[in-house]
Amino acid sequence: VTGLEVRGVTVRYGDTVAVDDVSLHVEPGTVVALLGASGSGKSTLLRAVAGLQPLTSGAIAWDGEDLAPVKVHKRNFGLVFQDGQLFPTMDVARNIAYGLGKLPKDQQRARVAEMLELVGLAGYGDRKPTELSGGQAQRVALARSLAPSPRAILLDEPLSALDTGLRRRLADDLARILRETGTTAVHVTHDHQEAYTVADRVAVLHEGRLLQVDAPEALRERP
Ligand code: ADP
Ligand code: ADP
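Reading the values: rules and limits
Residues numbered from 1 in each chain as written. Chains lettered and ligands numbered in written order. Predicted model: local features only at pLDDT ≥ 70, side-chain atom pairs only at ≥ 80, totals over all residues. Heavy atoms only, no water. 1 Å grid on protein atoms, 1.4 Å probe; cavity = no way out; pocket = protein on both sides within 12 Å on 5 of 7 lines; lining within 4 Å. Points joined across faces, edges and corners; volume = space filled by probe spheres on them. Helix = DSSP H or I, 4+ residues; strand = E, 2+ residues; numbered from the N terminus. Nonpolar A, V, L, I, M, F, W, Y, C, P; charged D, E, K, R; others polar. Salt bridge = Lys/Arg side-chain N within 4 Å of Asp/Glu carboxyl O. Pairing = 2+ DSSP bridges. Contact = heavy atoms within 4.5 Å. Axes fitted to C-alpha atoms, helices over the stretch in contact; angles between N-to-C directions. Phe/Tyr/Trp six-rings, centres within 6.5 Å; stacked < 30°, edge-to-face > 60°. Buried < 20%, exposed > 50% of the residue type's maximum accessible area, 1.4 Å probe, protein only.

Looking at an unreviewed UniProt entry, one finds the protein chain named ABC transporter ATP-binding protein and attributed to Tessaracoccus lubricantis.

In structure tokens, the structure reads:
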């Protein structure tokens, strides 16, 4: 099996079953949204994939390789959270270059410029995070996550701190960027519209259980 495979994953916090025997396949080059109400287990499942959350049982694999022994940084996933993730003392360019330490300086600069262009922020490299709007900061976070060419990116409510109009526009842009770059992604959201916009397939979670996985068109048509 290629790409990401979640096999019978359960995560408990004491008596709470946050994720209940979930199995899910994310094919390379596709975007899967984890959609559900607050408390449905989306964030716990995403953190489990990232390696930030131990599993109670089950397994997570990439291209058939069990990730259990692989530490967070070695998993080669890009992570994007709701907000507050940029290093406040570094300018935008240095934030984006953060994961590029192994590349020569000139290649780092070229990659940063390419990423700024991709997210619509060409010319913003020397701004400080405090000088950015919430939407711009999330674009930078996206650029930083994509810069090292991760095998996939994992996004946890990346647009939820933004107001509705801006969220819609950024969801459109995010969908375009992920498709243009052929990026494999898991996108956590409680917002149906956002899930339908960004994802090729939507996985609906309820109280830790996976209810269904379907294309946005199929879900939209349901009464
Ligand atoms: P979502 O991301 O869908 O809002 P979460 O994964 O955050 O859902 O939470 C799923 C369930 O697990 C909820 O009942 C939540 O209260 C519980 N939970 C999440 N994190 C912890 C934790 N660190 N300790 C105990 N319970 C937790
Ligand atoms: P989110 O909506 O992003 O899941 P929350 O505000 O629910 O965030 O939770 C914030 C933090 O508290 C997270 O680290 C989560 O794991 C933890 N948490 C959530 N629910 C519980 C809980 N019932 N008991 C202990 N920790 C929890």
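That shown, we press on.
The subject of this paragraph is empty space enclosed by the protein. If you roll a probe as big as a water molecule over the atoms, it shows you where there is empty space left. For the structure on display, the rule yields 3 cavities of 30 Å³ or more. Roughly 90 Å³ of volume is contained in the largest cavity. Around the largest cavity, the lining residues are Val80, Val119, Gln138, Arg139, Leu142, Leu155, Pro158, Leu159, Leu170, Asp173, Leu174 and Ile177. Of all the secondary structure elements, the ones that give two or more residues to the lining of the largest cavity are helix 4 (134–146) and helix 5 (164–180). Per-element tally for the lining of the largest cavity: the top contributor is helix 5, with 4 residues. When grouped by side-chain class, the residues that make up the lining of the largest cavity number 9 nonpolar, 1 polar and 2 charged.

Let us look at the pattern of salt bridges. Pairing is possible between side chains of opposite charge, provided their charged atoms come close. Summed over all chains, the structure comprises 8 salt bridges. Each of Arg167, Arg168 and Asp191 takes part in one network of salt bridges that share partners.

Moving on: the sheet that holds strand 2 (residues 16–26). Read across the open sheet, the 4 strands follow the order 2-1-4-5; overall the sheet is antiparallel. Strand pairing shows two members of the sheet lacking a second neighbour, strand 2 and strand 5 (65–66), which therefore form its edges. Summarising the sheet, strand 1 (residues 4–13) and strand 4 (residues 57–62) pair through 5 bridges and their orientation is antiparallel. Within strand 4, the position partnered with Leu4 by the bridge is Trp62. Most of the contacts of helix 1 (residues 42–50) go to strand 1, to which it runs at about 120°, and overall it touches strand 1, strand 2 and strand 4.

Moving on, we get to the packing of aromatic side chains. Going through the model one piece at a time under the given rule, you end up with 2 aromatic pairs. Ring centres of Trp62 and Phe77 lie 6.0 Å apart, and the angle between their planes is 75°; this geometry places the pair in the edge-to-face category. Of this pair, Trp62 sits in strand 4 while Phe77 sits in strand 6 (residues 77–80); the two residues are 15 residues apart in sequence, bridging distant segments of the chain. For Phe77, a relative accessible area of 12% translates into the label buried. Judged by centre distance (4.6 Å) and plane angle (50°), the rings of Phe87 and Tyr98 are tilted.

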